[in-house]
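Listed here are the chains, written in short residue letters.
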Amino acid sequence: MSGQGHTDRLAGMNLEDFQSTMREIYLARDEQRGVDGTFRWLTEELGELARAIRTSERTNLELEFSDVLAWLTSLANLLGVDLADAASRYNDGCPKCGGTPCVCPR
């Protein structure tokens, strides 16, 4: 799928749908690259995000956040981690103190 229809389908996508979409698009390549290679790509994208944060380039920030999210999701797919399940530990606030906002001592 490409073009505007694909963009409309992704708008407002929940985490489960995003992970499924990433699996459909990239799993075969991710499996060939392996966990170590995929982790290295994630690390590289984190570096690019850090550079975008330092330069405050708004359009680049969104691009780099999306790349980090995509590579994190690819890594989770390879390792069999359901990101929605992983994120659910924050459903009731901070996993340590239970507060919203967090009231843990710094």
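Residues numbered from 1 in each chain as written. Predicted model: local features only at pLDDT ≥ 70, side-chain atom pairs only at ≥ 80, totals over all residues. Heavy atoms only, no water.

Caption draft 1: Seen up close, the overall build of the chain. Summing up its helical and strand segments, the chain has four helices and zero strands in all. Along the chain, helices (α) and strands (β) appear in the sequence α-α-α-α when read from the amino end. Out of the 106 residues belonging to the chain, those deemed buried represent 26%. Considering only intrachain contacts with a sequence separation of at least 6, the fraction spanning at least 24 residues in the chain is 58%. Summed over its atoms, the accessible surface of the chain is roughly 7,700 Å², and 53% of this surface lies on carbon and sulfur atoms. (Helix = DSSP H or I, 4+ residues; strand = E, 2+ residues; numbered from the N terminus. Buried < 20%, exposed > 50% of the residue type's maximum accessible area, 1.4 Å probe, protein only. Contact = heavy atoms within 4.5 Å. Areas by Shrake-Rupley, 256 points an atom, 1.4 Å probe, with all protein chains shown as cover.)

Caption draft 2: Expanded view of the pattern of salt bridges. Tallied over the full model, the rule gives one salt bridge. Of the charged contacts, one joins arginine 33 and aspartate 30 as a salt bridge, the two residues approaching to 2.6 Å between their closest N and O atoms. Residue arginine 33 and its partner aspartate 30 are both found in helix α2 (residues 15-55); the two are separated by three residues, about one turn of the helix. Take arginine 33: its relative accessible area is 29%, and that puts it in the partly exposed class. (Salt bridge = Lys/Arg side-chain N within 4 Å of Asp/Glu carboxyl O.)

Caption draft 3: Examining the packing of aromatic side chains more closely. Taken as a whole, this structure holds one aromatic pair when the rule is applied. Relative to tryptophan 71, the ring of tryptophan 41 lies with its centre 5.1 Å away and its plane at 5°, an arrangement referred to as stacked. You can see tryptophan 41 sitting in helix α2 and its partner tryptophan 71 sitting in helix α3 (residues 58-79), a full 30 residues away along the chain. We classify tryptophan 41 as partly exposed; its relative accessible area is 37%. (Phe/Tyr/Trp six-rings, centres within 6.5 Å; stacked < 30°, edge-to-face > 60°.)

Caption draft 4: Quick look at unusual backbone geometry. Residues threonine 100 and proline 101 are joined by a peptide bond in cis, for which omega reads 5°. Within the secondary structure layout, proline 101 lies in the segment after α4 (83-87).

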